[in-house]
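Spelled out from the first residue to the last, the chains are:
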Amino acid sequence: MGLSKLNSLYREVILDHADHPHHKHDLAESTNTITLKNPTCGDVINLEINLTPDDKIADIGFTGDGCTISQSSASMMTDAVMGKSKEEALKMAKTFSDMAIGKEHPQADLDELQDAAILSNIMQFPARIKCATLSWWALQRALLEETDDTSEEES
């Protein structure tokens, strides 16, 4: 596939998730919640997760506002982790965060990220890395039951 077609696909997938986000809603019941903000650009992610007694993600939803990258990344993340175990989801969050800063991972790990793997090019735009990783940091912190941080996002 040519570079221009690949860039077009990249934009198409991101815009589709931003315009029609998956799982963008409050949950009726949740076991883990967190709110993270990126003070650099104003992105806010409120993440709710409902874990089963055996630590599988039975449902996940997010609300909040932000740029196209943060909202599409949150949509992609919720799709990728739905039905996964807590440990699988934590591994995926680590893989995504590493990928966003250019660290290498086996293709099988990247495939687990589904559409979110397309954001691997985000490292070309350092100002957008926090936008892309915000929801993944929220996932990690919610699953580890860390407290809300409504003032800033992890770097």
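Thresholds, definitions, all that
- Residues numbered from 1 in each chain as written.
- Predicted model: local features only at pLDDT ≥ 70, side-chain atom pairs only at ≥ 80, totals over all residues.
- Heavy atoms only, no water.
- UniProt positions renumbered as here; feature names shortened; annotations may be inferred.
- Helix = DSSP H or I, 4+ residues; strand = E, 2+ residues; numbered from the N terminus.
- Expected span 1.5 Å × (residues − 1).
- Buried < 20%, exposed > 50% of the residue type's maximum accessible area, 1.4 Å probe, protein only.
- Pairing = 2+ DSSP bridges.
- Axes fitted to C-alpha atoms, helices over the stretch in contact; angles between N-to-C directions.
- Contact = heavy atoms within 4.5 Å.
- Salt bridge = Lys/Arg side-chain N within 4 Å of Asp/Glu carboxyl O.

- An unreviewed UniProt entry lists the protein under the name FeS assembly scaffold SufA, from Levilactobacillus koreensis.
- Note on the protein: under the UniProt heading Sequence similarities (unreviewed entry), the record states "Belongs to the NifU family."

Some remarks on helix α2 (residues 68–81)
Quick reminder: α-helices carry 3.6 residues per turn. Residues three or four places apart thus point the same way.
Then comes step 1: The end-to-end C-alpha distance of α2, which contains 14 residues, comes to 20 Å, matching closely the 20 Å that a straight helix rising 1.5 Å per residue would cover.
Then comes step 2: Burial analysis of α2 places twelve of its 14 residues in the buried class, which makes it a mostly covered element.
Then comes step 3: Taken residue by residue, α2 has Ile69, Ser70, Gln71, Ser72, Ser73, Ala74, Ser75, Met76, Met77, Thr78, Ala80 and Val81 as its buried positions.

So, the pairing of strand β3 (residues 57–63)
Then comes step 1: Within β3, five of the seven residues are buried, which leaves the element mostly enclosed by the surrounding structure.
Then comes step 2: Here strand β2 (residues 43–51) runs beside β3; their pairing, made up of six bridges, is antiparallel. Looking across to β3, one finds that Asn46 is bridged to Thr63.
Then comes step 3: A loop of five residues connects β2 with β3, the two strands running antiparallel in sequence, and Asp55 in this loop sits at a positive phi of about 65°.

Quick word on the sheet that holds β2
Then comes step 1: If you walk across this open sheet you meet the three strands as β1-β2-β3, and the pairing is antiparallel. At either end of the open sheet lies a strand with only one pairing partner, and these are β1 (32–38) and β3. Strand-to-strand twist in this sheet, taken as the mean axis angle between neighbours without regard to direction, amounts to 15°.
Then comes step 2: Both β1 and β2 contribute to a ladder of seven bridges, which runs antiparallel. Across the sheet, Thr33 pairs through a bridge with Glu48, a residue of β2.
Then comes step 3: Most of the contacts of α2 go to β3, to which it runs at about 170°, and overall it touches β2 and β3.

Re the pattern of salt bridges
Then comes step 1: Scanning the entire structure with this criterion turns up three salt bridges.
Then comes step 2: With a shortest N-O distance of 3.2 Å, Glu112 and Lys84 are connected by a salt bridge. Separated by 28 residues along the polypeptide, Glu112 in helix α4 (residues 107–112) and Lys84 in the loop between α2 and α3 (86–100) bring together distant segments of the chain.
Then comes step 3: When its relative accessible area of 18% is taken as the criterion, Lys84 is described as buried.
Then comes step 4: Asp98 is the salt-bridge partner of Lys94, the closest N and O atoms lying 3.0 Å from each other. Highlighted residues: Lys94 and Asp98, both in helix α3, separated by four residues, approximately one helical turn.
Then comes step 5: According to the relative accessible area criterion, Asp98 is buried, its value standing at 9%.

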